[in-house]
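# Inside the fold
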Amino acid sequence: MASDQEEDEFLGFSDDEGDGTNSDSDYDDDEATQNAVSEVNAHQIGDFEQNQQLPDLNEVGQEYAQECEVGPQHTSGISDNHSVPFLFDLNMPTQQEFPPSPIHQTETEQNHHKPRTPRINNELRLEILLFLLLRKEKHSDELIHGTNRQAVIKFGYTRKTIRLIWQRALAHKAAMDSYFYDSKYHNCGRKRIQVTYESIASIAMGDRTTIIDLARMLNLSPTTVWRMVKRKQIKPHSSPLNPGISEECKMARMKWVLGLLMDYSIPNDPTYYSMYDFIHIDEKWFYLTQKSQRVYLANNEPFPHRKGKSRTKIPKFMFMAAVARPRWGQNGQCEWDGKLGIFPFTDAVAAKRTSKNRVKGTIETKPIKSVNQIATRAMLINYLIPAIKEKWPPHEGERVIYIIQDNAKAHILQNDQEWQQHYKQDGFTLILTQQPANSPDCNILDLGFFRSIQSLMHKKMPKTVEDLSGAVTEAYNELHAKTLSNVWMSLQYVGNEILKHKGDNDYQLPHNKKKILEDEGNLPEQVKAPRWAVNECKQLVDEWRANQ
């Protein structure tokens, strides 16, 4: 074993180093280490005078490195024969900054980021119980030896969890009760804030038009109210403005719905007609563009700039649409889409003079100045009747078709003289029928078909009035026949709501999950009306007629 002096010479230290005084050759290593630690601690603690500038350790280390390169120099406190080597670099990270070796990590540090076992759910708890029941000894409530270990390996939960599930099942069996495997996890944690029906209903309608207003009235935060809306504890509603309904109008609505029911089905099993011989017609304005158009742009994409002469005078055309109920085959294929056509009230007019937009004599599409009975009659005779004869599915014998329209002044009646000359053609007998007044929900087009066409038309973004007519026609043809068929089903459900509310319109449009019923194969072709509502409405109508 080397002596202490040899070890000091090997490290490059002399016996005279330290505090500048000579020391014995047999100076112990422990004492030297203790003095070095005390000097470092004094420097770190700050054993200096107040406002004294601390030396930069990096600069000191560089001076020592220069001394080692130049050679031994005589300085105070340093021997003439030896120099202090630079054994470490303060610019390098200390040993604590390096990641510790996984060998020296404790078990707690190694398992600090271990993924937590997921909370057991009700389905898995029942699956574990079935696994244990299959490994139970006959005529005993004991499990076969090793069952718990197999359950731990298969499901990844502790023996305690497996044992608690089995003990819980035995307790239910002893109490002669069915096994209830639901957990009590829903009872833990912070309880949700409950809002009663009376606390919301007592607030005025004007004070709950927004989430912030409702939250202020309930003394809650807007985020809490928003979560209640997501959980459907509070439901948002947009209230439309409905037409007023008089007593005479209520009776007319009930009579019209009762007329849609098959006579032989009343009163035992009231059922609506299939409505395959009905045609609904109506008019609607289609605008060239919307006042506000919402689109989604890519990052840094320029905003689209739309121009118009006036926001209040956007070019528009009036169209008349005619639809019937689509026909479906036994295999679910559409045999006829029920679309008879959509016709614009426009005229082709030659330009009278030359301008910067067109030359004199250019044919332009202009809307009809006034849509009156003359224009409506011409539309029915010149466009609708030929479309019916061309597109109506083949039939045998004479066919009676009812054309249902609203009570607009521009519409003609069945007793119109010119209409009487054309309503019977090629085996067709066309009967004009008026729907009840103030009842837009009794027409297929107003009930949902026009809105679907309009949404498709605005996606095409026409630029000129000529493009508008083509965009409306394309949207009419592109709309799927299933959408039109669903609206015909909704008409029958609306009839039920009219009967339930005694002819009034204070109801929401019904949504009867037609898509789900269709996927299950249970979508009816003819809807049945509630018997009690039919009997009550018939009694009210009979009493009203007797009083009249």
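Residues numbered from 1 in each chain as written. Predicted model: local features only at pLDDT ≥ 70, side-chain atom pairs only at ≥ 80, totals over all residues. Heavy atoms only, no water.

The protein chain has the name Transposase in an unreviewed UniProt entry, where Spinacia oleracea is given as its organism.

### A few points about the overall build of the protein chain
Helix and strand counts for the protein chain come out as 18 helices and ten strands. Taking all 548 residues of the protein chain together, 30% fall into the buried category. Taking as baseline every contact in the protein chain between residues at least 6 positions apart, the subset at least 24 positions apart corresponds to 67%. Summed over its atoms, the accessible surface of the protein chain is roughly 38,400 Å², and 51% of this surface lies on carbon and sulfur atoms. (Helix = DSSP H or I, 4+ residues; strand = E, 2+ residues; numbered from the N terminus. Buried < 20%, exposed > 50% of the residue type's maximum accessible area, 1.4 Å probe, protein only. Contact = heavy atoms within 4.5 Å. Areas by Shrake-Rupley, 256 points an atom, 1.4 Å probe, with all protein chains shown as cover.)

### Re the sheet that holds strand 2 (residues 316-324)
Sheet architecture is open: six strands sit in the order 5-2-1-8-10-9, paired in mixed fashion. Single-partner strands in this sheet number two, and they are strand 5 (339-344) and strand 9 (424-425). In this sheet, strand 10 (residues 428-434) lies alongside strand 9 in antiparallel orientation, the contact comprising two bridges. Opposite Gln425, over in strand 10, you have Phe428 as the bridge partner. (Pairing = 2+ DSSP bridges.)

### Structural notes on the packing of helix 9 (residues 211-218) against helix 10 (residues 222-230)
Remark: helix 9 packs on helix 10, axes separated minimally by 8 Å, with the N-to-C direction vectors making an angle of 110°. What the angle tells us is that helix 9 and helix 10 run roughly perpendicular. Residues Ile211, Ile212, Leu214 and Ala215 of helix 9 form the contact with helix 10, whose participating residues are Pro222, Val225 and Trp226. Its residues placed into classes, the contact of helix 9 with helix 10 shows seven nonpolar, no polar and no charged. (Axes fitted to C-alpha atoms, helices over the stretch in contact; angles between N-to-C directions. Parallel < 35°, antiparallel > 145°, perpendicular 65-115°, else oblique. Nonpolar A, V, L, I, M, F, W, Y, C, P; charged D, E, K, R; others polar.)

### Thoughts on the packing of aromatic side chains
Taken as a whole and judged by the stated rule, the model has seven aromatic pairs. Taking the centre distance of 5.4 Å and the plane angle of 85° together, the rings of Phe286 and Phe319 count as edge-to-face. A residue pair is termed long-range when its members are at least 10 positions apart, and Phe286 in strand 1 (residues 278-287) and Phe319 in strand 2 qualify at 33 residues. Each member of the pair, Phe286 as well as Phe319, carries the same accessibility label: buried. Residue placement shows Lys482 over the ring face of Trp328; its charged tip is 4.0 Å from the ring centre. (Phe/Tyr/Trp six-rings, centres within 6.5 Å; stacked < 30°, edge-to-face > 60°. Lys NZ or Arg CZ within 6 Å of the ring centre and 35° of its normal.)

### Brief notes about the packing of helix 14 (residues 444-460) against helix 16 (residues 481-500)
Relative orientation of the contacting elements helix 14 and helix 16 amounts to 150°, with a least axis distance of 9 Å. The angle between helix 14 and helix 16 places the two elements in the roughly antiparallel class. Seen along the crossing, helix 14 lies across helix 16 with a hand that is right-handed. On helix 16, the residues touching Ile444, Leu447, Gly448, Phe449 and Ser452 of helix 14 are Thr483, Leu484, Val487, Trp488, Ser490, Leu491 and Val494. Of the residues in the contact of helix 14 with helix 16, the class split is eight nonpolar, four polar and no charged. (Left-handed = near helix turned anticlockwise from the far one by under 90°.)

### Section: a nonpolar patch on the surface
Residues Val295, Leu297, Phe303 and Met461 make up a contiguous nonpolar surface patch of about 390 Å² in total accessible area. Structurally, Phe303 is set in the loop between strand 1 and strand 2. (Patch = residues over 30% accessible without salt bridge, like charges linked within 9 Å, V, L, I, M, F, W, Y side chains within 5 Å. Salt bridge = Lys/Arg side-chain N within 4 Å of Asp/Glu carboxyl O.)

### Description of unusual backbone geometry
The linkage connecting Ile266 with the following residue, Pro267, adopts the cis geometry, with an omega of 0°. Here Pro267 is to be found in the loop between helix 11 (247-259) and strand 1. Despite not being glycine, Met275 shows a phi value in the positive range, around 65°. Assignment of secondary structure puts Met275 in the loop between helix 11 and strand 1.

### Looking at helix 5 (residues 122-133)
Between its first and last C-alpha atoms helix 5 spans 17 Å; for twelve residues at 1.5 Å apiece the expected length is 16 Å, and the two agree. Structurally, helix 5 contributes buried residues whose contacts are with helix 6 (147-155) and helix 7 (159-174). (Expected span 1.5 Å × (residues − 1).)

### Focus: the nonpolar core
Counting residues in hydrophobic clusters, the biggest one holds 49 residues, and the most contacted among them are Tyr272, Phe286, Phe449, Ile453 and Leu499. With nine residues, helix 16 is the largest single contributor of residues to this core. Contacts of Tyr272, omitting those with residues within four sequence positions, involve Val257, Leu260, Leu261, Met262, Gln492, Gly495, Asn496, Leu499, Gln526, Val527 and Ala529. If you look at the next biggest cluster of nonpolar residues, it comprises 27 residues, including Ile281, Ala387, Ile401 and Ile403. (Core = buried A, V, L, I, M, F, W, Y, C linked by side-chain atoms within 4.5 Å.)

### Looking at the side chain of Ser490
Along the chain, Ser490 falls in helix 16. Its relative accessible area of 14% is what places Ser490 among the buried residues. If sequence neighbours within four positions are ignored, Ser490 has contacts with Leu447 and Lys514.

### What to know about the environment of Trp392
Mapped onto the secondary structure, Trp392 falls in the loop between helix 12 (373-391) and strand 8 (399-405). In sequence terms Trp392 and Ala324 are 68 residues apart; their C-alpha atoms lie 9.2 Å from each other. Contacts of Trp392, omitting those with residues within four sequence positions, involve Tyr276, Asp277, Ile279, Ala324, Arg327, Trp336, Leu340, Ala387, Arg399, Ile401 and Phe428.

### Some words on the pattern of salt bridges
In the structure shown here, the tally under the stated rule is 16 salt bridges. A salt bridge links Arg253 to Asp441; its shortest N-O distance comes to 3.7 Å. One end of the pair, Arg253, is in helix 11; the other, Asp441, is in the loop between strand 10 and helix 14, with 188 residues separating them in the sequence. For Arg253, a relative accessible area of 0% translates into the label buried. Residue classification places Asp441 among the buried residues on the basis of a relative accessible area of 13%.

### Comments concerning the pairing of strand 8
The sheet contact formed by strand 1 and strand 8 spans three bridges and is parallel. Bridging across to strand 8, Ile279 finds its partner in Ile403. Of the strand pairs in this sheet, strand 8 and strand 10 are connected by seven bridges, and their pairing is parallel. The partner of Val400 across the bridge, within strand 10, is Thr429.

### Some remarks on helix 10
Here helix 10 has its buried residues at Thr224, Val225 and Met228. The arc enclosing the buried residues of helix 10, seen along the axis, measures out at 95°, which places them on a common side. Residues of helix 10 that are buried in the fold lie against helix 9. Lys232 occupies a position one or two residues after helix 10 and carries a positive phi of about 65°. (Arc of directions from axis to C-beta.)

### Things to note about the confidence of the model for the protein chain
Residues shown with low pLDDT carry predicted positions that ought not to be read at fine detail. A residue-level look at the protein chain finds 79% of positions with pLDDT of 70 or above and a mean pLDDT of 80. Contacts of residues 5-90 to residues separated by more than four positions or lying in other chains number 37 contacts, the stretch itself having pLDDT below 50. Confidence over residues 96-109 falls short of pLDDT 50; this stretch has four contacts with residues more than four positions distant or in other chains. (pLDDT = per-residue confidence, 0-100.)

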